[in-house]
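Letter by letter, the chains look like this.
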Amino acid sequence: LQPHIAIIYWFARTADDFSDEGNLAAEERLQLLSSFEFDFKQMLTRNFKSDYFRALGNTIDTYSLTPENFLKLLKAFKQDVYKKRYETYKELKEYCSNSANPVGRLILELFGFSSLETIELSDKICTGLQITNFLQDVSKDIQKGRIYIPKEDMVKYKLSEKDFDSKANSESFKSMIKFQVERTNQLFEEGKPLISFLSGRLKLEIMWTLLGGEQILKEIKKIDYDVLNKRPILSKFTFLLLLLNSFKYVSRISKRDFQAK
């Protein structure tokens, strides 16, 4: 499956670069993404713009992948160009439904685990991973003029965008980030039963990925939620430890465990 995953990655990486890399104007980025979307839709009619699209078309046909998942990714990349703020948590999750969840759904389709139940669980994990990345990259996103903390939460903790610019890790700011961390951890907990439906290396790799997301949230707590001035990362040793924990976890996991829980 590696060649098929590689061509899906090419699609996502190319579109992401159009939306986020270099010094292009917003209009130019949107034009590149629209052209890329046009080429994708042409591919669906077997009109291939390049060998890359031919390979992607082969992967979609071979594994009956849902084209809408690719189009949702493009919608999210376009949104990155012009939308820099989110009013509510619901609005942020809607963005994640396009930017993150389609990737999980495509992986499930590739491996033949795409049921309504696994899709729902996968969506929770993918949304959790996306929001974890937002929390990890608060300091980087500010430099790009982006804030992925919902405005309703800023209001709840009596904060404004000026608090992001000041980089002061106030008690109110720490409380707000702590709230984000706890809410995201809940998404991971709700999505974790997905592991019991998987098998083989996929089961291990998804567990490893999920534990990695949870560990980033723990690292945010360790730095006293100061994501304005520090970007939490995982060391090579931590990655290895998480891998070992993944082996332990999947060896004892079962659907019955989750159903009983």
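Residues numbered from 1 in each chain as written. Predicted model: local features only at pLDDT ≥ 70, side-chain atom pairs only at ≥ 80, totals over all residues. Heavy atoms only, no water.

Let us now look at the overall build of the protein. Check the secondary structure of the protein and you find 14 helices and zero strands. Starting at the N terminus and walking to the C terminus, you meet the elements of the protein as α-α-α-α-α-α-α-α-α-α-α-α-α-α. Radius of gyration (C-alpha) of the protein: 19 Å, near the 18 Å computed for a compact globule of 261 residues. Overall, the C-alpha framework of the protein stretches about 55 × 50 × 30 Å when taken along its three principal axes. Split into buried and exposed, the 261 residues of the protein put 48% on the buried side. Put simply, 70% of the contacts in the protein that link residues at least 6 apart link residues at least 24 apart. Taken as a whole, the protein presents about 13800 Å² of accessible surface, with 54% of it coming from carbon and sulfur. (Helix = DSSP H or I, 4+ residues; strand = E, 2+ residues; numbered from the N terminus. Rg over C-alpha atoms; globule rule 2.2 N^0.38 Å. Buried < 20%, exposed > 50% of the residue type's maximum accessible area, 1.4 Å probe, protein only. Contact = heavy atoms within 4.5 Å. Areas by Shrake-Rupley, 256 points an atom, 1.4 Å probe, with all protein chains shown as cover.)

Next up on the list: the environment of Arg46. Structurally, Arg46 is set in the loop between α2 (26-44) and α3 (51-62). Sequence spacing of Arg46 and Gly57 is 11 residues, and the spatial spacing of their C-alpha atoms is 7.7 Å.

So, on to the packing of aromatic side chains. Summed over the entire model, instances satisfying the criterion amount to 16 aromatic pairs. Measuring from ring centre to ring centre gives 5.1 Å for Phe11 and Phe70, while their planes differ by 90°; the resulting arrangement is edge-to-face. Remark: Phe70 occurs in helix α4 (residues 67-82) and Phe11 occurs in helix α1 (residues 2-20); sequence separation between them is 59 residues. Site record: aromatic cluster; members linked through ring pairs are Trp10, Phe11, Phe18, Phe36, Phe40, Tyr52, Phe53 and Phe70. Lying over the aromatic face of Tyr86, Lys83 brings its terminal NZ or CZ to 5.0 Å of the ring centre. Note that Lys156 overlies the ring of Phe179, its terminal NZ or CZ placed 4.0 Å from the centroid. (Phe/Tyr/Trp six-rings, centres within 6.5 Å; stacked < 30°, edge-to-face > 60°. Lys NZ or Arg CZ within 6 Å of the ring centre and 35° of its normal.)

Moving on, we get to the packing of α2 against α4. Where α2 contacts α4, the two axes come as close as 9 Å, and the packing angle between them is 175°. Between α2 and α4, the angle falls in the class roughly antiparallel. Contacts between α2 and α4 involve Ala26, Arg29, Leu30, Leu33, Ser34, Phe36, Glu37, Phe40, Lys41 and Leu44 from the former and Pro67, Phe70, Leu71, Leu74, Phe77, Lys78, Val81 and Tyr82 from the latter. A class-by-class count of the residues in the contact of α2 with α4 yields 13 nonpolar, one polar and four charged. (Axes fitted to C-alpha atoms, helices over the stretch in contact; angles between N-to-C directions. Parallel < 35°, antiparallel > 145°, perpendicular 65-115°, else oblique. Nonpolar A, V, L, I, M, F, W, Y, C, P; charged D, E, K, R; others polar.)

Glancing now at α3. The first and last C-alpha atoms of α3 sit 16 Å apart over 12 residues, in line with the 16 Å expected at 1.5 Å per residue. Those residues of α3 lying buried are Phe53, Leu56, Gly57, Thr59 and Ile60. The arc that holds the buried residues of α3, viewed along the axis, is 160°, so those residues lie on one side. Looking at the buried side of α3, the elements it contacts are α1, α2, α4 and α6 (101-111). Directly after α3, the chain includes Ser64, whose backbone phi takes a positive value near 50°. (Expected span 1.5 Å × (residues − 1). Arc of directions from axis to C-beta.)

Let us now look at the environment of Lys221. Here Lys221 shows up in helix α12 (residues 200-222). Lys221 sits in the exposed class, given a relative accessible area of 56%. Residues Lys221 and Gly57, spaced 164 residues apart in sequence, show a C-alpha to C-alpha distance of 44 Å.

A few words now on a nonpolar patch on the surface. On the surface, a nonpolar cluster with roughly 510 Å² of combined accessible area is contributed by Phe237, Leu240, Leu241, Leu244 and Phe247. By the element assignment, Phe247 lies in helix α13 (residues 236-252). (Patch = residues over 30% accessible without salt bridge, like charges linked within 9 Å, V, L, I, M, F, W, Y side chains within 5 Å. Salt bridge = Lys/Arg side-chain N within 4 Å of Asp/Glu carboxyl O.)

Here the focus is the pattern of salt bridges. Evaluation of the coordinates by the stated rule reveals 21 salt bridges. One salt bridge connects Asp123 with Arg105, and the closest N-O pair in it is separated by 2.6 Å. Taken together, the residues span a long stretch of sequence, with Asp123 in helix α7 (residues 116-136) and Arg105 in helix α6 at a distance of 18 residues. What makes Arg105 partly exposed here is its relative accessible area of 24%.

On to unusual backbone geometry, then. Look at Lys167: it is not a glycine, yet its phi comes out positive at around 60°. One can find Lys167 in the loop between α10 (161-166) and α11 (171-191). Positive phi outside glycine occurs at Asp224, with the angle close to 60°. Its relative accessible area of 38% is what places Asp224 among the partly exposed residues.

Let us now look at the state of the cysteines. Enumeration over the complete set of coordinates arrives at zero disulfides. Free of any disulfide, Cys96 has its nearest cysteine sulfur in Cys126, 9.7 Å distant. Residue class for Cys126 comes out buried when judged on its relative accessible area of 13%. (Disulfide = S-S within 2.5 Å.)

Functional significance is not addressed by these values, which are geometric in nature.
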